[in-house]
Amino acid sequence: MFVKSTLAAVAVLASLAGTAVAPATAAPAQAPTQAQAEAPSPAPVVGQPLAGTHAHNDYEHDRPLFDALDHGFTSVEADVWLVDGELRVAHDLADAKQGVTLESLYLDPLRDLVRSQPGHSVYPKWDGSLQLLIDIKSEGESTYAAIEQELAEHRDIMSRYTNGKVKTGPVTAVISGNRPLATMQAQDKRFSFYDGRAADLASGLPAALMPLVSDNWTKLFTWQGVGPMPEAERAKLRAFVTTAHANGYRVRFWATPDQPGTARDAVWTELADAGVDHINTDDLVGLQQFLTARGA
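The following refers to the structure shown. Nothing here was measured: the structure is a model prediction, and the numbers come from that model.

1. Description of helix α9 (residues 262-274)
Reasoning step 1: Compared with an ideal rise of 1.5 Å per residue, which puts 13 residues at 18 Å, α9 spans 18 Å between its outermost C-alpha atoms and is within 8% of the ideal.
Reasoning step 2: Turning to α9, its buried residues are R264, V267, W268, E270, L271 and A274. With its buried residues spanning 160° around the axis, α9 presents them on a single face.
Reasoning step 3: In the core, the buried residues of α9 are packed alongside α7 (217-220), α8 (231-246), β11 (250-254), β12 (278-281) and α10 (284-294).

Okay, structure coming up:
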């Protein structure tokens, strides 16, 4: 009787104190040690870097940025809209969602990745720089200003231009789309570079401003990979690349055939043989296999 009364009294006191009596067999939870709490998360898996690769509309893949890196891509593309102060990533304005931003999809993950990799690079001990092609879809001046602000907040990983000199970082941002050329030319300091067009080949713009020249393949060439490439077009392509490289510019074409098959392979072969620096594709696996087979 005394035992029962005692147990009942303990239960009443515990309920009044707002506590529960734990079973005698329950083990106390173990707090993580300081080392466990501070341990960095494992770095994402990345492939072997492949020169000549460019992930067109990279954000449309299941894992933006990381699917491309898994397949060794050294250039990725993001379309941006400035909406309510955010640099939202989407092809169309209607799809630009709050929180899906240049920072969340690219800049923050790249900073974390670079900090976790040996050699302070996107790929382990890689001496190259990942090209982040930022295609401005909204008004150029205001969007560019917002981009520069974001890049400045990630300055530890970004290439930069300062008073005529370029310091290459793990990531190089190149501005495409609605590009404010005059503003960029006038800046003594910036964290981004200009994506030129075919008409800019003979412009004399310095590579410190315009390291890349891109254009629509269908506006310059008629050949779509069916049958042999006409000799006149092959000569035009190689002259284009030679001129660009002589001025320190890299070359990219968009709107090349991208459906798997012999036509695409034929165009990719001509692009690679001519020395085109970035082959544009949505098919990450296809281009990786193509370039690997060539021994790129």
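2. Some thoughts on the environment of Q117
Reasoning step 1: Along the chain, Q117 turns up in the loop between α4 (102-116) and β4 (130-136).
Reasoning step 2: In sequence terms Q117 and P44 are 73 residues apart; their C-alpha atoms lie 9.6 Å from each other.

3. Looking at the sheet that holds strand β6 (residues 165-167)
Reasoning step 1: With antiparallel pairing, the three strands of this open sheet are ordered in space as β6-β5-β8. Each edge of the open sheet is held by one strand with a lone partner, namely β6 and β8 (189-190).
Reasoning step 2: As judged from the three bridges shared by strand β5 (residues 160-162) and β6, these two strands associate in the antiparallel manner. Paired with Y161 across the strands is V166, a residue of β6.

4. With respect to the pattern of salt bridges
Reasoning step 1: The full count for this structure, using the stated rule, is 15 salt bridges.
Reasoning step 2: When the shortest N-O distance is used, the salt bridge between R197 and D195 registers 3.0 Å.
Reasoning step 3: Judged by its relative accessible area of 18%, R197 is buried.
Reasoning step 4: By relative accessible area, which is 0% here, D195 ends up buried.

5. As for the pairing of β12
Reasoning step 1: The alternating pattern of β12 places H278 and N280 and I279 and T281 on opposite faces, both of which are buried.
Reasoning step 2: One ladder, built from four bridges, connects strand β1 (residues 52-55) with β12; its direction is parallel. Following the sheet pairing, A55 is matched in β12 by T281.
Reasoning step 3: Inspection of the sheet shows β11 paired to β12 by two bridges, in the parallel sense. Residue pairing in the sheet places R252 in a bridge with H278 of β12.
Reasoning step 4: Once you follow β11 into α9 and on to β12, the crossover reads as right-handed.

6. Some points on the side chain of R252
Reasoning step 1: Positionally, R252 belongs in strand β11.
Reasoning step 2: One polar contact links R252 to N280, side chain to side chain, over a distance of 2.9 Å.
Reasoning step 3: Sequence-distant contacts of R252, defined by excluding residues within four places in its chain, comprise H54, E77, L133, S176, D195, L212, V213, S214, D215, H278 and N280.

7. Observations regarding the nonpolar core
Reasoning step 1: Formed by 68 residues in total, the largest nonpolar core has its most connected members in L102, V122, L237 and F253.
Reasoning step 2: If you tally residues by element for this core, the top one is α4, at seven residues.
Reasoning step 3: What L237 contacts, discounting residues up to four positions off in sequence, is W217, F221, M229, F253, E270, L271, A274 and V276.
Reasoning step 4: Judged by nonpolar contacts, the second largest core, of five residues, contains L133, Y161, V174 and F193.

8. A look at α8
Reasoning step 1: Relative to the 22 Å expected for 16 residues at 1.5 Å per residue, α8 spans 22 Å between its end C-alpha atoms, a close match to the ideal helical length.
Reasoning step 2: Those residues of α8 that sit buried are E233, R234, L237, F240, V241 and A244. One side of α8 holds all its buried residues, which, seen down the axis, span an arc of 125°. Facing away from the buried surface of α8 by more than 90 degrees, the exposed residues are E231, A232, T242 and A246.
Reasoning step 3: Buried residues belonging to α8 abut β10 (212-216), α7, β11 and α9.
Reasoning step 4: Phi turns positive one or two residues past the end of α8, at G248, with a value near 85°.

9. A few points about the packing of α8 against α9
Geometry of a packed helix pair, given as the angle between the helix axes and the separation of the axes.
Reasoning step 1: As a packed pair, α8 and α9 sit with axes 9 Å apart at the nearest point and diverge in direction by 40°. Our classification of the angle between α8 and α9 gives oblique. Crossing handedness for the pair α8 and α9: right-handed. Note on element contacts: α9 touches α8 through E270, L271, D273 and A274, opposite R234, L237, R238 and V241.
Reasoning step 2: When the residues that make up the contact of α8 with α9 are grouped by side-chain class, the tally is four nonpolar, no polar and four charged.

Analysis parameters
Residues numbered from 1 in each chain as written. Predicted model: local features only at pLDDT ≥ 70, side-chain atom pairs only at ≥ 80, totals over all residues. Heavy atoms only, no water. Helix = DSSP H or I, 4+ residues; strand = E, 2+ residues; numbered from the N terminus. Expected span 1.5 Å × (residues − 1). Buried < 20%, exposed > 50% of the residue type's maximum accessible area, 1.4 Å probe, protein only. Arc of directions from axis to C-beta. Contact = heavy atoms within 4.5 Å. Pairing = 2+ DSSP bridges. Salt bridge = Lys/Arg side-chain N within 4 Å of Asp/Glu carboxyl O. Right-handed = clockwise from strand over helix to strand, strands pointing away. Polar contact = N/O pair within 3.5 Å; in protein donor to acceptor, adjacent residues only side chain to side chain. Core = buried A, V, L, I, M, F, W, Y, C linked by side-chain atoms within 4.5 Å. Axes fitted to C-alpha atoms, helices over the stretch in contact; angles between N-to-C directions. Parallel < 35°, antiparallel > 145°, perpendicular 65-115°, else oblique. Left-handed = near helix turned anticlockwise from the far one by under 90°. Nonpolar A, V, L, I, M, F, W, Y, C, P; charged D, E, K, R; others polar.

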